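Here are the chains, one letter per residue:
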Amino acid sequence: RGNRRPPDQFGQRTRRFSAASLIPGSRMAAATLELVHAVEAEVTAVQRFLALLELEQDLLVKGEVDELIDLARQKNELAAQITALGSRRTEALAAAGLPADRPGIDAWLAVHPSETRARDAWNLLMSLAGQAHEVNRANGELIQIRMQHNAQALEALLGSNASLTLYGPDGQNTPTSGRRISDSA
C-alpha cells in the first residue's frame, strides 16, 4: 500500500514502469507510454492555449487592444509547440502501425481498452480542442465587429462619400469631394 501513487491530473493512479518494461524487446510498453505522455502533454498545451484565447476574448470585449500583439506572439509560440506535440503523438501511432489521425487513435484505444489514462486524456484533448475552436471563432467575430466600428467611425469623421485620401501626392489638401473631417462626430 505504501507504493501507491496519488492520482494524476486526470484522476488516474499512474502505474510504475520497471526498467525491464522499457527495454527494446518490449517496444509495445514503450510505445504505449510514449503515446500516453504525448497526449497528456498535448492536453496541458491546449489548456494553456485555451487560457490565452479566453484572455484575448476578454481584452477584445474590454477594448484593451494594446496587449493583443504580445498575446498573438504567445499564441503563435504555443501553437508551434502544440504542433510539435501532435507530431510526437503521430509518431507513437506510426510506431504501433496505425494511421496518424483520429481513426488511428480510436483503433489504438480499441486495442488497449485497459488504458483508461490514455482514453481520458484523449477525450479531454478533444473537448479542449472543441472549446478552443469555439472561443477562437467568437474572437474572430469580435475582431470583425471592432473593425466595422472603426470603419463606421472613420466614415463618420470623413463624411459618407469622402475619399480616404485627405492629401494629394504633392502634400496639398485635395478638395475633390468638397468634404472635410466632420467635427460633429
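Residues numbered from 1 in each chain as written. Predicted model: local features only at pLDDT ≥ 70, side-chain atom pairs only at ≥ 80, totals over all residues. Heavy atoms only, no water.

**Student:** Break down the overall build of the protein for me, citing the residues and quoting the values.
**Tutor:** Each helix and strand counted, the protein has four helices and zero strands in total. Mapped in sequence order, the helices and strands of the protein form the string α-α-α-α. In the protein, which comprises 185 residues, the share counted as buried stands at 29%. Sequence-distant contacts, at least 24 apart, represent 58% of the contacts inside the protein between residues at least 6 apart. (Helix = DSSP H or I, 4+ residues; strand = E, 2+ residues; numbered from the N terminus. Buried < 20%, exposed > 50% of the residue type's maximum accessible area, 1.4 Å probe, protein only. Contact = heavy atoms within 4.5 Å.)

**Student:** Before we move on, could you go through the side chain of glutamate 56 and cite the residues and values that matter?
**Tutor:** As for its position among the elements, glutamate 56 is in helix α1 (residues 27-62). In this structure glutamate 56 comes out as buried when scored by relative accessible area, which is 10%. At 2.8 Å, the side chain of glutamate 56 forms a polar contact with the side chain of lysine 75. (Polar contact = N/O pair within 3.5 Å; in protein donor to acceptor, adjacent residues only side chain to side chain.)

**Student:** I'd like to hear about the pattern of salt bridges, residue by residue, with values.
**Tutor:** Summed over the entire model, instances satisfying the criterion amount to nine salt bridges. Across the pair arginine 89 and glutamate 42 runs a salt bridge whose closest N-O atoms are separated by 2.5 Å. Placement of arginine 89 in helix α2 (residues 68-95) and of glutamate 42 in helix α1 is noted, with a sequence separation of 47 residues between them. Take arginine 89 and glutamate 42: they sit in the same class, and that class is buried. A salt bridge links aspartate 70 to arginine 73; the nearest nitrogen and oxygen atoms lie 2.7 Å apart. Remark: arginine 73 and aspartate 70 occur in helix α2; sequence separation between them is three residues, near one turn of the helix. Its relative accessible area of 40% is what places arginine 73 among the partly exposed residues. Residues participating in the shared-partner salt-bridge network are Asp70, Arg73 and Glu77. (Salt bridge = Lys/Arg side-chain N within 4 Å of Asp/Glu carboxyl O.)

**Student:** Mind laying out the packing of helix α3 (residues 102-111) against helix α4 (residues 116-158), listing which residues take part and the relevant values?
**Tutor:** The N-to-C vectors of α3 and α4 enclose an angle of 155°; their axes lie 10 Å apart at closest approach. Considering their axes alone, α3 and α4 lie roughly antiparallel with respect to each other. Seen from above, α3 lies across α4 with left-handed handedness. From α3, Arg102, Ile105, Asp106, Trp108, Leu109 and Ala110 reach across to α4, where they touch Ala118, Arg119, Trp122 and Met126. Residue classes in the contact of α3 with α4 are distributed as seven nonpolar, no polar and three charged. (Axes fitted to C-alpha atoms, helices over the stretch in contact; angles between N-to-C directions. Parallel < 35°, antiparallel > 145°, perpendicular 65-115°, else oblique. Left-handed = near helix turned anticlockwise from the far one by under 90°. Nonpolar A, V, L, I, M, F, W, Y, C, P; charged D, E, K, R; others polar.)

**Student:** Explain α4 to me, using residue names and the numbers behind them.
**Tutor:** In an α-helix, one full turn covers 3.6 residues, which means residues spaced three or four apart are oriented alike. With 43 residues, α4 should reach 63 Å at 1.5 Å per residue; the first-to-last C-alpha distance of 63 Å fits that figure. Along α4, the positions that sit buried rather than exposed are Arg117, Ala118, Ala121, Trp122, Leu125, Leu128, Ala132, Val135, Ala138, Asn139 and Leu158. Looking at the residues trailing α4, positive phi occurs at glycine 159, about 100°. (Expected span 1.5 Å × (residues − 1).)

**Student:** Describe α3, and please don't skip the residues or the numbers.
**Tutor:** Looking at α3, one finds that the buried residues are Gly104, Ile105, Trp108 and Leu109. Along α3, the residues classed as buried sweep out an arc of 135° about the axis, all on the same side. For α3, the exposed residues set more than 90 degrees away from the buried face come down to Pro103, Ala110 and Val111. (Arc of directions from axis to C-beta.)

**Student:** Could you give an account of the nonpolar core, with specific residues and numbers?
**Tutor:** Formed by 29 residues in total, the largest nonpolar core has its most connected members in Leu35, Val39 and Ile105. Of all the secondary structure elements, the ones that give two or more residues to this core are α1, α2, α3 and α4. For leucine 35, the residues in contact, after removing those within four places along its chain, are Arg89, Ala92, Leu93, Ile105 and Trp108. (Core = buried A, V, L, I, M, F, W, Y, C linked by side-chain atoms within 4.5 Å.)

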